[in-house]
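What follows is each chain in one-letter form.
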Amino acid sequence: MHYHNSKQSTWQRPTPLRLIAALTLALAGATHAQTSPAQPSPALDPALLMQGFPPPPAYQIHIGNWQHYPQKIWSFQHMRELFPTRPLQAVGPVRALPVALQALDTLQVGTAEAPQTWPQMLAATHVDAALVLHHGRIVEERYFNGMKPSTPHLLFSATKSMAGLMAAVAVAEGRLDANARVDSVLPELADSAWAAATVRQVLDMTDGVQFSEVYTDPRSDIFSYIGAMGWAPDLQDPKKPRGIQAMLGTLKNVHPEPRGSAFRYHSPATDVTAWLAARATGMSLTAWMQQRLWSQLGMEHDGNVLLDPAGTEVSFAGLSASTRDFARIGQMLLQKGRVGTAQVIPAAVVDELTQGGDPKAFETAGMPLRKGWSYRSQWWVNPNAPRSFAAMGAFGQRLFVLPDDDMVVVLVGSHPQPVASLVDAPQFRAIQMLTAHLKGK
């Protein structure tokens, strides 16, 4: 495994700590940081990545460098070529998205001190594709870095929201009791810290389970977790089990405050969410998305979900989908779960996402750019104007559903840094100005 140092022209072997820091930050979907790292300029030409037979060594992408920059520009669009995946197939007639493009090249979305146009914002936040639906019509659609409308892009932790949607539907349809203890649904976790948490607490990440994601501490829980799921085989601890589900049972400790009182963003809660939903419905996350989404929303392109070494989906970070199909999911939610005459998702689920979770529990997370927000069923809920609920992932993966503005915004990217504050501030401001602009239209 090698990485490229943009300050030099030489290649060297990374320390395990450097490698795991890059991996774990991405998987955790880090929402803030004490500092904002400088954005590196690529010493490699992104257009030449993986070009040639074989590509020159410096331009080859593999399991050891796929999250480095600029290698991630290519890898986020080609996950099937790096890891095992389970397919999502577009079936049936495509539901067309009417096009009514708006002229946004001169739309100002910056500040008085730092003016910035909409296209400049997209470039500054390393967006690979942007799509905006307004009143069900495409008013903005752009692709960069080799992306095409048909390209499936890795969505990282935006995948969490799909697992949460599956579980929330199972609750709404009476297949899963939100107040049930985890061990009553998953006896496999009876001897773990998850046992006494309720289904609702797991969905909202207020379960109280201790899981450390300290990227500078090799003893942190995330090290073994990443090794077990197969994204960094060198980190696999031979003393620990392989596979995500096997690792979940090794978590034994609980935070001292009452369960349900504090929101803590920790990726294993999503894997438990997906497991609960799978047990309740009798189908995997991929099978559920195939049945409810890819087979009913008029999807245009195939997607895929990453698998761990045991064949279990990486439910907290593994979905790849095209920008248009990701937008179709948002449009279905905007329409209270309806597509045409079909009620694909219960309207009560969408109402719950719009209302959000417990803002007091969310306050404990200390996210200043998301002040007043909440977390519900693995979705981020913003009650501030323009109101939205969102699926969000590291490096700039975003799906915003704005019910008051009849709008869906999809942004997928390959930001050099997995620090959400570098993306949140300019993109939140831009969306606010975009909604005001479209209202004027």
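To start, this report covers the structure provided alongside it. Only a predicted model underlies this, so the values are computations on that prediction, with no experimental measurement involved.

Examining the overall build of the chain
Broken down by element type, the chain carries 14 helices and 15 strands. When burial is assessed residue by residue, the chain has 58% of its 441 residues classed as buried. Taking contacts inside the chain between residues at least 6 apart in sequence as the whole, the part at least 24 apart equals 69%. About 17,300 Å² of surface is accessible on the chain, with carbon and sulfur atoms providing 52% of the total.

Notes on the sheet that holds strand E7 (residues 303-306)
Across the sheet, 4 strands lie side by side as E3-E7-E8-E6; this open sheet has antiparallel pairing. Looking at strand neighbours, the two that pair on one side only are strand E3 (85-88) and strand E6 (153-154), the edges of this open sheet. Two strands pair when backbone bridges link them, and E6 and strand E8 (residues 319-321) are joined in this way by 2 bridges, in the antiparallel orientation. The partner of Leu-154 across the bridge, within E8, is Ser-320. The strands touched by helix H10 (residues 285-294) within the sheet are E3, E7 and E8, with E3 carrying the most contacts at an inclination of about 15 degrees.

A short note on the nonpolar core
Membership of the largest hydrophobic core comes to 131 residues, with the highest contact counts inside it found for Trp-66, Trp-118, Trp-194, Trp-231, Met-289 and Leu-293. The biggest single contributor to this core is helix H4 (residues 159-172), with 8 residues. Setting aside its immediate chain neighbours within four residues, Leu-293 contacts Met-162, Trp-288, Met-299, Ile-329 and Met-332.

Brief notes about the sheet that holds strand E5 (residues 137-143)
Pairing between sheet strands relies on hydrogen bonds along the backbone, with the strands arranged either parallel or antiparallel. Taken in spatial order, the 7 strands line up as E5-E4-E15-E14-E13-E12-E11 in an open sheet, and their pairing is antiparallel. The open sheet terminates on both sides in strands that have one partner only, identified here as E5 and strand E11 (374-376). Across this sheet, the average inter-strand angle for adjacent strands is 20 degrees, counted without regard to direction. Against the sheet, H4 engages E11, strand E12 (379-382) and strand E13 (388-393), with an angle of about 95 degrees to E12.

Looking at the pattern of salt bridges
Side chains carrying opposite charge are able to pair once their charged atoms draw close together. Considering all chains together, one arrives at 21 salt bridges under this definition. Sharing partners across several salt bridges, the network here consists of Glu-141, Glu-300, Arg-324, Asp-325 and Arg-328.

Points about the pairing of strand E14 (residues 397-402)
Among the 6 residues of E14, 6 are classified as buried, and the element is accordingly described as predominantly covered. On E14, burial covers both faces: Gln-397, Leu-399 and Val-401 on one face and Arg-398, Phe-400 and Leu-402 on the other are all buried. Taken together, the 5 bridges between E13 and E14 define a ladder with antiparallel strand orientation. Its bridge partner lying in E14, Ala-390 is registered against Phe-400. Where E13 folds back onto E14 in an antiparallel hairpin, the turn is made up of 3 residues, including Phe-395, whose phi is positive at roughly 65 degrees.

Observations regarding helix H12 (residues 347-355)
Within H12, burial applies to Val-349, Val-350 and Leu-353. All buried residues of H12 lie within an arc of 95 degrees about the axis, which places them on one face of the element. Along H12, exposed side chains directed more than 90 degrees from the buried face belong to Ala-348 and Gln-355. Positive backbone phi, at 90 degrees, marks Gly-356, one or two positions downstream of H12.

Some words on the packing of H4 against H10
Their axes nearest at 10 Å, the elements H4 and H10 cross at an angle of 75 degrees. With respect to H10, the axis of H4 lies roughly perpendicular. Contacts between H4 and H10 involve Met-162, Ala-163, Leu-165, Met-166 and Val-169 from the first element and Leu-285, Trp-288, Met-289, Arg-292 and Leu-293 from the second. A per-class count over the contact of H4 with H10 returns 9 nonpolar, no polar and 1 charged.

Some remarks on the packing of H4 against H12
Packed helices, taken two at a time, are described by the angle between their axes plus the distance between the axes. The N-to-C vectors of H4 and H12 enclose an angle of 125 degrees; their axes lie 9 Å apart at closest approach. As far as their axial angle goes, H12 and H4 are oblique. Note on packing geometry: the crossing formed by H4 with H12 is right-handed. Every residue of H12 that contacts H4 at Leu-165, Ala-168, Val-169 and Ala-172 is listed here: Val-349, Glu-352 and Leu-353. Taken together, the residues that form the contact of H4 with H12 break down as 6 nonpolar, no polar and 1 charged.

A word on the side chain of Thr-281
By the secondary structure assignment, Thr-281 is in helix H9 (residues 268-281). Overall, Thr-281 belongs to the buried group, its relative accessible area being 15%. At 3.4 Å, the side chain of Thr-281 and the backbone nitrogen of Met-283 are in polar contact.

Considerations on unusual backbone geometry
In this structure, Pro-54 follows Phe-53 across a cis peptide bond, with omega equal to 0 degrees. Looking at where Pro-54 falls in the secondary structure, it is placed in the loop between helix H1 (16-28) and helix H2 (71-75). For the peptide bond that leads from Ala-385 to Pro-386, omega is -5 degrees, which places it in the cis range. Assignment of secondary structure puts Pro-386 in the loop between E12 and E13. Even without being a glycine, Asn-145 presents a positive backbone phi close to 55 degrees. Note on placement: Asn-145 falls in the loop between E5 and E6.

A look at the packing of aromatic side chains
How two aromatic rings sit relative to each other is given by the distance of their centres and the angle of their planes. Enumeration over the complete set of coordinates arrives at 17 aromatic pairs. Taken together, the aromatic side chains of Trp-66, Phe-76, Phe-83, Phe-156 and Phe-395 make up a single cluster linked through ring pairs. Taking the ring centre of Trp-380 as reference, the NZ or CZ of Arg-370 above it sits at 4.6 Å.

Procedures and definitions
- Residues numbered from 1 in each chain as written.
- Predicted model: local features only at pLDDT ≥ 70, side-chain atom pairs only at ≥ 80, totals over all residues.
- Heavy atoms only, no water.
- Helix = DSSP H or I, 4+ residues; strand = E, 2+ residues; numbered from the N terminus.
- Buried < 20%, exposed > 50% of the residue type's maximum accessible area, 1.4 Å probe, protein only.
- Contact = heavy atoms within 4.5 Å.
- Areas by Shrake-Rupley, 256 points an atom, 1.4 Å probe, with all protein chains shown as cover.
- Pairing = 2+ DSSP bridges.
- Axes fitted to C-alpha atoms, helices over the stretch in contact; angles between N-to-C directions.
- Core = buried A, V, L, I, M, F, W, Y, C linked by side-chain atoms within 4.5 Å.
- Salt bridge = Lys/Arg side-chain N within 4 Å of Asp/Glu carboxyl O.
- Arc of directions from axis to C-beta.
- Parallel < 35°, antiparallel > 145°, perpendicular 65-115°, else oblique.
- Nonpolar A, V, L, I, M, F, W, Y, C, P; charged D, E, K, R; others polar.
- Left-handed = near helix turned anticlockwise from the far one by under 90°.
- Polar contact = N/O pair within 3.5 Å; in protein donor to acceptor, adjacent residues only side chain to side chain.
- Phe/Tyr/Trp six-rings, centres within 6.5 Å; stacked < 30°, edge-to-face > 60°.
- Lys NZ or Arg CZ within 6 Å of the ring centre and 35° of its normal.

So far we have only geometry, and geometry alone does not tell us how the molecule works.
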